[in-house]
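What the coordinates show
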Amino acid sequence: MPYELYYWNSIQGRGEFVRLALEEAGADYIDVCRGATSRGRGISAMMAIMGSRSDADIPFAPPFLKDGDLIIPHVANILMYLGPTLGLAPKDEAQRHVLNGLQLTITDFIAEVHDTHHPIATSKYYEDQKEEAKARAAEFIGNRIPKYLGYFERVLQQNPKGPAHIFGGGLTYVDLSLFQVYEGLRYAFPRATAHLPDRYPHLNALHAAVMKRPNITRYLQSDRRIPFNENGIFRRYPELDRDMV
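Cut-offs applied
Residues numbered from 1 in each chain as written. Predicted model: local features only at pLDDT ≥ 70, side-chain atom pairs only at ≥ 80, totals over all residues. Heavy atoms only, no water. 1 Å grid on protein atoms, 1.4 Å probe; cavity = no way out; pocket = protein on both sides within 12 Å on 5 of 7 lines; lining within 4 Å. Points joined across faces, edges and corners; volume = space filled by probe spheres on them. Helix = DSSP H or I, 4+ residues; strand = E, 2+ residues; numbered from the N terminus. Domains from an automatic or database assignment. Salt bridge = Lys/Arg side-chain N within 4 Å of Asp/Glu carboxyl O. Buried < 20%, exposed > 50% of the residue type's maximum accessible area, 1.4 Å probe, protein only. Nonpolar A, V, L, I, M, F, W, Y, C, P; charged D, E, K, R; others polar. Contact = heavy atoms within 4.5 Å. Buried area = accessible area lost by both parts, 1.4 Å probe.

**Considering the layout of surface pockets**
Take a probe with the size of a water molecule and roll it over the atoms, and the empty space left behind shows itself. Roughly 660 Å³ of volume is contained in the largest pocket. Every residue lining the largest pocket is counted, 29 residues in all, and those nearest its centre are Tyr-7, Arg-14, Pro-62, Pro-63 and Ile-233. Put simply, the parts of the chain that give the lining of the largest pocket at least two residues each are α3 (75-86) and α4 (93-115). A total of 8 residues in the lining of the largest pocket trace back to one element, the largest contributor, which is α4. Taken domain by domain, the lining of the largest pocket gets at least three of its residues from each of domain 1 (3-86) and domain 2 (93-214).

**Digging into the pattern of salt bridges**
Applying the stated criterion across every chain, the model contains 11 salt bridges. The salt bridge involving Glu-23 is made with Arg-224; its shortest N-O contact spans 2.8 Å. Residue Glu-23 is located in helix α1 (residues 15-25), and its partner Arg-224 is located in the segment after α9 (214-220); the two are separated by 201 residues in the primary sequence. On the accessibility criterion, Glu-23 (9% relative accessible area) is buried. Judged by relative accessible area, which is 35%, Arg-224 ranks as partly exposed. A salt bridge links Glu-239 to Lys-130, with the shortest nitrogen-to-oxygen separation between them at 3.9 Å. With Glu-239 in the segment after α9 and Lys-130 in helix α5 (residues 130-157), this pair connects stretches of sequence that are 109 residues apart. We classify Glu-239 as partly exposed; its relative accessible area is 34%. Here the salt bridges do not stand alone but share partners, grouping Glu-16, Arg-19, Asp-31 and Arg-225 into one network.

**Focus: empty space enclosed by the protein**
On inspection of all chains with the given rule, the structure shows 2 cavities of 30 Å³ or more. Ile-11, Gln-12, Gly-13, Phe-17, Gln-180, Pro-227, Phe-228, Asn-229, Gly-232, Ile-233 and Phe-234 together form the lining of the largest cavity. Across the lining of the largest cavity, the residue classes tally to 6 nonpolar, 5 polar and no charged. Of the volumes computed, that of the second largest cavity is approximately 40 Å³. Residue lining of the second largest cavity: Val-113, Thr-116, His-117, Ala-188, Phe-189, Ile-233, Phe-234, Arg-235, Tyr-237 and Leu-240, and that is the complete set. Tallied by class, residues from the lining of the second largest cavity come to 7 nonpolar, 2 polar and 1 charged.

**Focus: the domain arrangement of the protein chain**
Here the protein chain is described as being made up of domain 1 (3-86) and domain 2 (93-214). For domain 1 and domain 2, the distance between their C-alpha centres works out to 22 Å. Counting from both sides, the interface comprises 13 residues of domain 1 and, opposite them, 16 residues of domain 2. Between domain 1 and domain 2, the buried area comes to about 1,300 Å², and carbon and sulfur atoms account for 72% of it. Three residues stand out in domain 1 for area buried against domain 2, namely Phe-17, Glu-24 and Met-80, and they jointly supply 45% of the buried area on that side.

**A word on unusual backbone geometry**
Omega for the bond connecting Pro-62 with Pro-63 falls within 30 degrees of zero, at 5 degrees, which places this linkage in the cis form. Examined against the element boundaries, Pro-63 turns out to sit in the loop between α2 (41-50) and β3 (64-67). Although it is not a glycine, His-74 adopts a positive phi angle of roughly 75 degrees. Owing to a relative accessible area of 57%, His-74 belongs among the exposed residues under this scheme.

Following this line, the structure appears as structure tokens:
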């Protein structure tokens, strides 16, 4: 049976980290809430699972993955589950936990990206918190981007197997997730990220290498790749962008 991925049908969002792994591996999966055959029924199915009053194992929010009767929520949890089967994680359990730690750090980073445009409340429109967003985005660009990207650059540089990958000697799902982070930051903050290749050469090289992988190239050129937009996590608001000092 194909995997079933449940996520919103109009944004990349957190679901994109799972899509990239499935696409790279050539896995058989259904993006339940998307496609001509769904016509909105997928959203209803997703909401029905989350709103169940009888099932024991219900997810709080998308994305979640169904593998048969098993439902796995949360991006890092899904990727840890899929990684060995898709050939994107080591077989050794201890090493998988190290890899999961890197993915959880990306999870923290993504939460901070989101808060640049919704620093007060997700229930309020961006327009209702623009001044607070400007202050939060300035802090994010000045301090948080360098802190996170500097960390990942250092992990790449200190990888005993070489800086081509974030962990070990082969591609993992964390490499794919770092590609997505790099892409998203360049979309949302083009001024702030203009000099990323100079500051973080190993991350830049990883991004370029992932983009050239055949399955990823085909995916990026397909209509399955939803364009970045101002409803997702990475949003381009020029008033929030600035040069990185």
